[in-house]
Structures are given as structure tokens and as C-alpha cells.
Amino acid sequence: MISAKTCFLAPSAARVYDFLLGGKDHYAVDREVAQQFLAVAPDAGRAALANRAFVRRAVRHLVADAGIRQFIDLGAGLPARGNVHEIAHSFDPGARVVYVDNDPMVVAHSRALLADDATTTAVHADVVRLEEIVGDPEVHRFIDFDEPVGILLFAVLHHVRDEDDPAGVTATLRRALPSGSHLALSHFHNPAQADPEVASQAETSEKLLSDALGTGRWRSRAEILDLLAGFDVLQPGVVPLADWRPDPADPSPSLDLMHHQFLGAVARKP
Ligand SMILES: C[S@@+](CC[C@H](N)C(=O)[O-])C[C@H]1O[C@@H](n2cnc3c(N)ncnc32)[C@H](O)[C@@H]1O
């Protein structure tokens, strides 16, 4: 539980998600939003866990198979089981990770965790103002923009509003990075007419999170594909999280209606 000395009145995406994951860094306002979400989508907690399992498989692929040695984790969230630097370091202890989040409390927690780690840092910035990230001297201490970079956008672009142009964010990143860089993302999805029952739950959840947090978009498949324009999407494509290269040794929780509402993909800049 967070110290009572700091008092946040508004719920935050990071702490609602932490509650859904079974973490301990949340307030009553966050738990209330999470409980409302669970009332609409009873498998939302398992969906959060499926997202963390996808993070582990995707990062493992990027380090072990694609040879990526440096990562920028955008919308990194509160430290959770299997942090990106821990996964990366299990394959390459020299891999460098920059955690970025626009929530100052998240950055403070990350900095506390990383105090003794010379390969990893945490930066307070907003993903919609990428120039501040790419121009930050602290980021340049860890990331060589002439070498392939792994950009991680797990469960964050659905917190970027349409008017803030999430596809513009990924397009800017693509232009800024050298060939061989990779982008991994997970994103809430609304299948619309293809599955009216799932779409109905997606719409109710979207309204709930948008009202409570100010953000939360369940995008169409076409909108999610737009985020990956100009990248080569690796097999098996943009798929439900559990279907992205499943690992029997690290199984994804099985989901009900959330299965088709949370998609993931890994892509490479050609
Ligand atoms: C649901 S959590 C995901 C955490 C982690 N990436 C994961 O998938 O396990 C979303 C995180 O994105 C952060 N976030 C939301 N909008 C952001 C923005 N515009 N710029 C940077 N971070 C943002 C939130 O503060 C939160 O920590």
C-alpha cells in the first residue's frame, strides 16, 4: 500500500492496473474504478495478467531472437513481476532499459527500484511529446539512436486520445529509429459487428474508463493496424495476447470476453 502521506484524489491508470494485477500500490479511488471495471468485465484482472505474460514473451523474443540490446519502455507502469530489465538481463546483463511514464508516482517508484542498476533509468515524460524523450540527455546516456532500439508500448496507446494522434506517435518513432528497430505493443480492441456481445462489453468498459480516468479507447483492428504502418508485423500478426507465440512454460490465463478485446503484436522497422 502506498504511504498515506501522499494523497491522490483522482484514480490513475497505473494504480488501477496495479490493483487488477494483484499489486499493493493503489488507493480506494483506484480500487473503486477497478471494481467497476471487474463488474463489467469479470476477466479484466486475468486480462492484465495475460498482458504481463505477453510482455515477458515479446521482450524475450526481442532480446534472445532479434538481438535487441536497448529498450525504451513507454508507459512503463509501476514495477511489476517480470520487469522489462529483469527479462532482458536474464539474456543479456548489459541490456539497457529506459522506463518512461507520465505519472510522477510511477517514475518515483521505478527510480527507487533502479537506484543501484547502472543499465536502467526512469524518465518522466509523455508519449505524445516524443521530442522531449528523444531529446532528453538522460535517454541518450542509455540509448544509442544509431543502433536498433526496442520500443515497448504495452497497454499505453489506448490511454492516448484520438486527438493526440497515437498513429502519429508510432510514425514519429519509426522515422527516428534505425532499420532493425522493433516495436511491441498491446492495445484494447473493439471487434464491432464481428462480435456484438464482445463489442457491447468493450463499449461499456470504454465509457467507464474514459469517465473515470479521462482515457481508455477500445480501437478497431484497422486503427490498431494503423499504429504499425511502415513496420513489418512479425508472425502471427496482430492477435489476442494469448495467441502471440504461446509458451507452455509460462501460460497465459484463459479469458472470456476480454480474449478478443486485448490484442498484441511485435513489428520490425525494415
Ligand atoms: C496499464 S499501465 C501499463 C503498464 C505496462 N506498460 C504494462 O503493460 O504492464 C499504463 C501506463 O501508461 C502510463 N501512461 C498513460 N498515458 C501515458 C502517456 N501519454 N505518456 C506516458 N505514459 C502514459 C500510465 O501512467 C500507466 O503507468
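As named in an unreviewed UniProt entry, the protein is S-adenosyl methyltransferase, taken from Saccharopolyspora erythraea.

## Details of the packing of aromatic side chains
Counting across every chain of the model gives 6 aromatic pairs. Taking 5.7 Å as the distance between ring centres and 80° as the angle between the ring planes, the aromatic pair formed by Phe 54 and Trp 244 counts as edge-to-face. Of the two residues, Phe 54 is situated in helix H3 (residues 44-65) and Trp 244 in the loop between strand E7 (239-240) and strand E8 (262-268); the sequence distance between them amounts to 190 residues. On the basis of relative accessible area, Trp 244 is assigned to the buried category, the value being 1%. On the basis of an interplanar angle of 15° and a centroid distance of 4.1 Å, the ring pair of Phe 188 and Trp 218 is categorised as stacked. Of this pair, Phe 188 sits in strand E5 (residues 182-188) while Trp 218 sits in the loop between helix H9 (196-213) and helix H10 (221-227), and the two are 30 residues apart along the sequence. With respect to burial, Phe 188 and Trp 218 carry one shared label: buried.

## Re the environment of Val 134
Turning to its location among the elements, Val 134 is positioned in helix H6 (residues 130-134). Taking the C-alpha atoms as reference points, Val 134 and Pro 248, 114 residues apart in sequence, are found 37 Å from one another.

## Notes on the pairing of strand E1 (residues 70-74)
With 5 of its 5 residues buried, E1 lies for the most part within the structure. Alternating residues of E1 divide into Gln 70, Ile 72 and Leu 74 and Phe 71 and Asp 73, and every residue in both groups is buried. As defined by bridge partners, E1 adjoins strand E2 (residues 96-101) across 5 bridges and the pair is classed as parallel. Along E2, the bridge assignment pairs Gln 70 with Arg 96.

## Details of the pattern of salt bridges
For side chains of opposite charge, pairing can occur when their charged atoms come near one another. For the structure on display, the rule yields 15 salt bridges. Residue Asp 247 is joined to Arg 60 by a salt bridge in which the shortest nitrogen-to-oxygen separation is 3.0 Å. With Asp 247 in the loop between E7 and E8 and Arg 60 in helix H3, this residue pair connects regions lying 187 residues apart in the sequence. For Asp 247, a relative accessible area of 16% puts it in the buried group. Ionic contacts of the salt-bridge type, sharing partners, join the residues Asp 162, Glu 206, Arg 217, Arg 219 and Glu 223 into one network.

## A closer look at the site of the ligand
In the vicinity of the ligand, 17 residues are found, and the nearest of them are Tyr 17, Asn 51, Arg 52, Gly 75 and Asp 101. In the model, a nitrogen atom of the ligand is placed 2.7 Å from a nitrogen or oxygen of the Gly 75 main chain. Between the ligand and Asp 101 there is a distance of 2.6 Å, counted from an oxygen atom to a side-chain nitrogen or oxygen. In isolation the ligand exposes 600 Å². Once the protein is present, 94% of that is buried. Of all the secondary structure elements, the ones that give two or more residues to the shell around the ligand are helix H1 (13-20) and H3. In the shell around the ligand, the residues fall into 8 nonpolar, 5 polar and 4 charged.

## Quick notes on the pairing of E2
Put simply, side chains in a regular strand alternate between the two faces of the sheet. With 5 of its 6 residues buried, E2 lies for the most part within the structure. Crossover connection from E1 via helix H4 (residues 84-91) to parallel E2: handedness right-handed. In this sheet, strand E3 (residues 120-124) lies alongside E2 in parallel orientation, the contact comprising 5 bridges. Across the sheet, residue Val 100 finds its bridge partner in E3, namely Val 123. A crossover connection joins E2 to the parallel E3 through helix H5 (residues 104-114); in handedness this β-α-β unit is right-handed.

## Topic: the confidence of the model for the protein
Confidence along the protein averages 95 in pLDDT terms, with 97% of residues attaining 70 or more. pLDDT under 50 marks residues 1-5. Its contacts with residues more than four places away, or in other chains, come to 11 contacts.

## Quick look at the packing of H3 against H4
Helices that pack against each other are described as a pair by the angle of their axes relative to one another and the distance between those axes. Their axes nearest at 9 Å, the elements H3 and H4 cross at an angle of 40°. Taken together, H3 and H4 sit at an angle that is classed as oblique. For the pair H3 and H4, the sense of crossing is right-handed. In contact with Val 55, Arg 56, Val 59, Arg 60, Val 63 and Ala 64 of H3, H4 contributes Val 84, Ile 87, Ala 88 and Phe 91. Taken together, the residues of the contact of H3 with H4 break down into 8 nonpolar, no polar and 2 charged.

The rules behind each value
Residues numbered from 1 in each chain as written. Predicted model: local features only at pLDDT ≥ 70, side-chain atom pairs only at ≥ 80, totals over all residues. Heavy atoms only, no water. Phe/Tyr/Trp six-rings, centres within 6.5 Å; stacked < 30°, edge-to-face > 60°. Helix = DSSP H or I, 4+ residues; strand = E, 2+ residues; numbered from the N terminus. Buried < 20%, exposed > 50% of the residue type's maximum accessible area, 1.4 Å probe, protein only. Pairing = 2+ DSSP bridges. Salt bridge = Lys/Arg side-chain N within 4 Å of Asp/Glu carboxyl O. Near = heavy atom within 4 Å. Polar contact = N/O pair within 3.5 Å; in protein donor to acceptor, adjacent residues only side chain to side chain. Areas by Shrake-Rupley, 256 points an atom, 1.4 Å probe, with all protein chains shown as cover. Nonpolar A, V, L, I, M, F, W, Y, C, P; charged D, E, K, R; others polar. Right-handed = clockwise from strand over helix to strand, strands pointing away. pLDDT = per-residue confidence, 0-100. Contact = heavy atoms within 4.5 Å. Axes fitted to C-alpha atoms, helices over the stretch in contact; angles between N-to-C directions. Parallel < 35°, antiparallel > 145°, perpendicular 65-115°, else oblique. Left-handed = near helix turned anticlockwise from the far one by under 90°.

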